[in-house]
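Residue strings, one per chain:
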Amino acid sequence: MSVKRPTGLHPATIAAQAGGLTDNSTGGVVPPIHPATTFARDEEYVPLVDGNVYSRVHAPNGRMVEGVLAELEGAADAMVFPSGMAAVAAVFRTLRAGQTVLVQSQIYWGTMAWIRDFCTRRDITLVEVEAADTQAFAAACDACKPALAWIETPSNPWLRVIDIAACADAVHAGGGVLVADMTTSTPVLTRALSFGADLVMHSATKGINGHSDVLAGALACRDADAPVWQDIRTDRDMAGAVLGPFEAWLLLRGMRTLPLRVERMSQNAQALATYLADHPQVDAVLYPGLPEHPGHALATRQMQGGFGPLLSFIVKGGAPAALAGVGRLQLFHRATSLGGVESLVEHRHTIEPHTGIPEGLLRLSVGIENAGDLIDDLAQALGQ
Ligand code: PLP
């Protein structure tokens, strides 16, 4: 149920008020959870509520989240999924055997591993390219005319910044579709559709939910009539990768503070990156908010209000020094994932030993704690 409200609202207002959703049946200012899987019809066999028949296709709580997300993204439509990878898979399942896809190299390793396997099984040609090199990306598009191209910005865990508009031009010139995984940015920092991406993907498990207690994924589109969007909708309705009502309700609650959390996480990450950049035990800091980062100028144009919660840094002394430092941290949880209110640290080489990750690389997901406390913890763990 939604109430009448002004137009042209800012993200903070849209998010805090969950797009104006309330509970008209009780007057509650919070929308209810709808666990029903099936919906009744009247004596004439017409659904009692237009559009509600069966919850694999008609999920009231999922639709609530989708409405708010579409508004935050400036999208024509959005769909939620039971995980980020389910959203990735829904996109790739629209491809036909014999087609070609162009995928940014060194993205989230799980996405890449799944895409490689899927393309092999489905007889789809996969071309991988360093998309931060805009010319290399354009040349690859020109050469292989991909039906679909996939980018991730800033990328996890390398923090490469990708020029969405330039990639969109290159892909569109060959008639393809550009999909941008914007998990690390969230729509608060970058609305990729406004830069020309056709679809945006999020692991909503991360910043969008922000509390490390919901596994979810999301897609949003610029054109709801586009064949790729129609194919994805049919696939989700029929194959059933649907987010459950409780998860959707929690996600909507988490999203109320999304702009606030992203702002604080970005401020904290900037402070930590600046601190680490001057640390004698640190070889390099990968964070687009630092002026010396190769993607800083582009990130400044493409990201609004901060550079996100994710940063990586390389400790001098390789794996032994990195693991010893991680072991001494007291505030950062030693855990995977990102975008939650609590700070996390990961030794990525332990997780993905064969992808070329430096052995001394530590990835931080910076939360909303006091930045001074986090810096003190890093200082005692790394030694100064
Ligand atoms: N995309 C990125 C950038 C990620 O970091 C992740 C997970 O870490 C995913 C996609 C996959 O999302 P999920 O774990 O929700 O399936």
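Rules used throughout
Residues numbered from 1 in each chain as written. Predicted model: local features only at pLDDT ≥ 70, side-chain atom pairs only at ≥ 80, totals over all residues. Heavy atoms only, no water. Near = heavy atom within 4 Å. Polar contact = N/O pair within 3.5 Å; in protein donor to acceptor, adjacent residues only side chain to side chain. Areas by Shrake-Rupley, 256 points an atom, 1.4 Å probe, with all protein chains shown as cover. Helix = DSSP H or I, 4+ residues; strand = E, 2+ residues; numbered from the N terminus. Nonpolar A, V, L, I, M, F, W, Y, C, P; charged D, E, K, R; others polar. Core = buried A, V, L, I, M, F, W, Y, C linked by side-chain atoms within 4.5 Å. Buried < 20%, exposed > 50% of the residue type's maximum accessible area, 1.4 Å probe, protein only. Contact = heavy atoms within 4.5 Å. Pairing = 2+ DSSP bridges. Axes fitted to C-alpha atoms, helices over the stretch in contact; angles between N-to-C directions. Expected span 1.5 Å × (residues − 1). Arc of directions from axis to C-beta. Salt bridge = Lys/Arg side-chain N within 4 Å of Asp/Glu carboxyl O.

Take the site of the ligand next. The local shell around the ligand holds 15 residues, among which Met85, Asp181, Ser203, Thr205 and Lys206 are the closest. In the model, an oxygen atom of the ligand is placed 2.8 Å from a nitrogen or oxygen of the Met85 main chain. Within the contact set of the ligand, a nitrogen atom lies 2.7 Å away from a side-chain nitrogen or oxygen of Asp181. Protein coverage of the free-state accessible area of the ligand, which is 400 Å², stands at 91%. Those elements giving two or more residues to the shell around the ligand turn out to be helix 3 (84-92) and strand 6 (199-203). Broken down by class, the residue content of the shell around the ligand amounts to five nonpolar, seven polar and three charged.

For soluble globular proteins, nonpolar side chains are generally found buried alongside one another. Counting residues in each nonpolar core, the largest one holds 80 residues, and the members touching the most others are Phe137, Leu178, Leu276, Leu311, Phe313 and Leu364. Per element, the largest residue contribution to this core is eight residues, and it comes from helix 10 (residues 258-277). When sequence neighbours within four positions are dropped, the list of residues in contact with Leu364 reads Leu272, Leu276, Pro309, Leu310, Leu311, Phe313, Phe332, Leu344, Val345 and Leu378. Membership of the second largest hydrophobic core comes to 30 residues, among which are Met79, Ala87, Trp150 and Val179.

With that settled, consider the sheet that holds strand 9 (residues 310-315). Ordered by their spatial adjacency, five strands build an open sheet running 8-9-12-11-10, and the pairing between neighbours is mixed. Strands at the two margins of the open sheet, each flanked by one partner only, are strand 8 (282-286) and strand 10 (333-334). Alignment of strand 8 against strand 9, held across four bridges, turns out to be antiparallel. Paired with Leu286 across the bridge in strand 9 is Ser312. In the packing of helix 10 onto the sheet, the strands contacted are strand 8, strand 9 and strand 12 (361-365), and the crossing angle to strand 9 comes to about 15 degrees.

The step from Thr153 to Pro154 runs through a cis peptide bond, and the omega angle for that step is -15 degrees. You can see Pro154 is positioned in the loop between strand 4 (148-152) and helix 6 (164-173). Cis geometry is found at the peptide bond from Asn156 to Pro157, where omega equals 5 degrees. As for its placement among the helices and strands, Pro157 is situated in the loop between strand 4 and helix 6. Within the chain, Lys145 stands out as a residue other than glycine whose phi angle is a positive 40 degrees. For Lys145, the location among the structural elements is in the loop between helix 5 (134-144) and strand 4. Classification of Lys145 by relative accessible area gives partly exposed; the value is 45%.

As a further point, take helix 2 (residues 60-73). For helix 2, spanning 14 residues, the distance from its first C-alpha to its last is 20 Å, which sits close to the expected 20 Å at 1.5 Å a residue. Burial of helix 2 is extensive: eleven of the 14 residues sit out of reach of the surface. Here helix 2 has its buried residues at Pro60, Asn61, Gly62, Met64, Val65, Glu66, Val68, Leu69, Ala70, Leu72 and Glu73. Phi turns positive one or two residues past the end of helix 2, at Gly74, with a value near 70 degrees.

Quick look at helix 9 (residues 245-255) now. Count 3.6 residues to each turn of an α-helix, and residues three or four apart come out pointing the same way. All of the buried residues along helix 9 are Ala248, Leu251, Leu252, Gly254 and Met255. Looking straight down helix 9, one finds its buried side chains confined to an arc of 160 degrees; they lie on one side. On the buried face of helix 9, the contacting elements are helix 1 (11-16), helix 2, strand 1 (77-81) and helix 10.

Overall, the coordinates contain 13 salt bridges when judged by the stated rule. Here Arg93 and Asp235 are joined by a salt bridge, their closest N and O atoms 2.7 Å apart. Linking Arg93 in the loop between helix 3 and strand 2 (100-104) with Asp235 in helix 8 (residues 227-239), this pair joins segments that are 142 residues apart in sequence. For Glu128, the salt bridge is made with Arg116, and the minimal N-O distance between the two is 2.9 Å. Residue Glu128 is located in strand 3 (residues 125-129), and its partner Arg116 is located in helix 4 (residues 109-122); the two are separated by twelve residues in the primary sequence. By relative accessible area, Glu128 is classed as partly exposed at 35%. For Arg116, a relative accessible area of 43% puts it in the partly exposed group. Each of Glu346, Arg348, Glu352 and Arg363 takes part in a single network of salt bridges with overlapping partners.

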